[in-house]
Amino acid sequence: MVKSLKETIKEAEENGVAVGHFNISDTEGLNAIFNAARNLNVPVIIGVSEGEREFIGVKQVAALVKSLRDEHDYPIYLNADHTYSFEKIQEVVDAGYDAVIFDGTKLPLEENISLAKQTVEYTKGKKSLNGEEILVEAELGYIGASSKLLDEIPEGAEITSDKLVKPEDAKSFIDATGVDMLAPAVGNLHGMLKNANNPALDIERIKAIRETTGVPLVLHGGSGITDEDFQKAIKAGIGVVHINTAIRKAYKEGIKDAFEENPDDIAPYRFLSEGVEDMQKVVERYLKLFNFLT
Ligand SMILES: [Zn+2]
């Protein structure tokens, strides 16, 4: 019997490792991530943003992930990544996702709190397709919004210490909303800077927030963070790490190579395979890092 997502994250934290969360736009991405996780025998979370899940099918992606989980008796989970409205929250909760992220970081704080609370209330008593409690994650502090290659840090997401989340504010947020997990701004940034490493993480702050709030923390915008910072952040209290930009890049470049090698090939299962292989390699590298297997 596969453990619940809640149990899996708790166990990861106890072992001083983190669960990898990777986004997909299609079944090829799903296969790349599942193969990578199985090769290393570690649990994995599949993430789909509002745009990504609309492309695959909101209910269809839930059925796909459940089918892998059931057929292989494997700890693979589905998370509705950054969801901005209550209507979209209802949609994924009703579709039986394992977890959902309400992202109210662009709203005034009171609205962020009230919608996060509404999400928790709606989710309570509902079950995932696997018959388990659906976890709710919320976001605090703005870290930019897109998984792409950036020329510079987006406006409003500049890293100054007054913008990073304070442990006592995180605690009041958790108390007011009742969410299961929190993604605080701790120096991380969505997307990847083209010509530089992303800014460094505030490790002491992660530690203080984890201790003060008592809930698992999630690190977003992982694609541009250094290996050393990742492992320090995990030891300080990060239980889940999100990667999207780096695997999107690998997927695209793999497909591009395939077209360059065989310009006349029109069989999608062949040219997409190179994208899958390249993506899988990147996912494996991150999973090794997050699970301290290197
Ligand atoms: Zn994110």
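Going by the structure above, here's the rest.
Before going into details, it helps to say that this report is about the structure given with it.

Definitions and cut-offs
- Residues numbered from 1 in each chain as written.
- Predicted model: local features only at pLDDT ≥ 70, side-chain atom pairs only at ≥ 80, totals over all residues.
- Heavy atoms only, no water.
- Core = buried A, V, L, I, M, F, W, Y, C linked by side-chain atoms within 4.5 Å.
- Buried < 20%, exposed > 50% of the residue type's maximum accessible area, 1.4 Å probe, protein only.
- Helix = DSSP H or I, 4+ residues; strand = E, 2+ residues; numbered from the N terminus.
- Contact = heavy atoms within 4.5 Å.
- Donors = N, O, S within 2.8 Å, 3.2 Å for Na, K, Ca; no water.
- Pairing = 2+ DSSP bridges.
- Right-handed = clockwise from strand over helix to strand, strands pointing away.
- Salt bridge = Lys/Arg side-chain N within 4 Å of Asp/Glu carboxyl O.
- Phe/Tyr/Trp six-rings, centres within 6.5 Å; stacked < 30°, edge-to-face > 60°.

Another aspect to go through is the nonpolar core. Judged by nonpolar contacts, the single largest core of 79 residues is most densely connected at Phe22, Tyr97 and Phe290. The greatest single-element share of this core, amounting to 9 residues, is contributed by helix H11 (residues 268-290). Residues contacting Phe290, with those up to four places away along its chain left out, are Val17, Ala18, Gly20, Phe22, Phe230, Ile234, Val241 and Ile243. Ranked by size, the runner-up nonpolar core spans 14 residues in total, among them Ala12, Tyr77, Ala183 and Val240.

So, about the coordination of the zinc ion. Around the zinc ion, the protein supplies His82 (NE2), His190 (NE2) and His220 (ND1) as donor atoms, at distances of 2.0 to 2.1 Å. Of note, the zinc ion draws all its donor residues from one chain, in the sequence arrangement H-x107-H-x29-H. One end of the pair, His82, is in strand S3 (residues 76-83); the other, His190, is in the loop between strand S7 (181-184) and strand S8 (192-193), with 108 residues separating them in the sequence. The exposure classification of His82 matches that of His190, with both residues buried.

So, on to the pairing of strand S1 (residues 19-23). Among the 5 residues that make up S1, 5 are buried, leaving the element largely enclosed by the rest of the structure. Here 4 bridges tie S1 to strand S10 (residues 238-243), and the two strands are oriented parallel to one another. Bridge pairing in S10 links Phe22 to Ile243. Where S1 and strand S2 (residues 44-48) come together, 4 bridges link them in parallel fashion. When the bridges of S2 are listed, Asn23 appears paired with Gly47. A crossover connection joins S1 to the parallel S2 through helix H2 (residues 27-40); in handedness this β-α-β unit is right-handed.

Looking now at the pattern of salt bridges. In the structure shown here, the tally under the stated rule is 14 salt bridges. Notably, a salt bridge pairs Asp70 with Lys66, separated by 2.8 Å at the nearest N-O pair. One end of the pair, Asp70, and the other, Lys66, are both in helix H4 (residues 58-72), 4 residues apart, so they sit about a helical turn from each other. We note a salt bridge from Arg285 to Asp227, for which the minimum N-O separation is 3.1 Å. Of the two residues, Arg285 is situated in helix H11 and Asp227 in helix H9 (residues 227-236); the sequence distance between them amounts to 58 residues.

What follows covers the side chain of Ser223. The residue Ser223 is located in the loop between strand S9 (217-219) and H9 in this model. The buried category is assigned to Ser223, whose relative accessible area is 7%. Aside from chain neighbours lying at most four places away, what touches Ser223 is Met192, His242, Ile243, Asn244, Thr245, Ala246 and Tyr286.

For the structure on display, the rule yields 6 aromatic pairs. Aromatic pair Phe230 and Tyr286: ring centres 6.0 Å apart, planes at 80 degrees, arrangement edge-to-face. With Phe230 in helix H9 and Tyr286 in helix H11, this residue pair connects regions lying 56 residues apart in the sequence. What makes Phe230 buried here is its relative accessible area of 0%. Taking relative accessible area as the criterion, Tyr286 reaches 5% and is therefore assigned buried. Between Phe259 and Phe271, the ring centres sit 4.7 Å apart and the planes meet at 35 degrees, which makes this aromatic pair tilted. With Phe259 in helix H10 (residues 245-261) and Phe271 in helix H11, the pair connects residues that are 12 residues apart, well separated along the chain.

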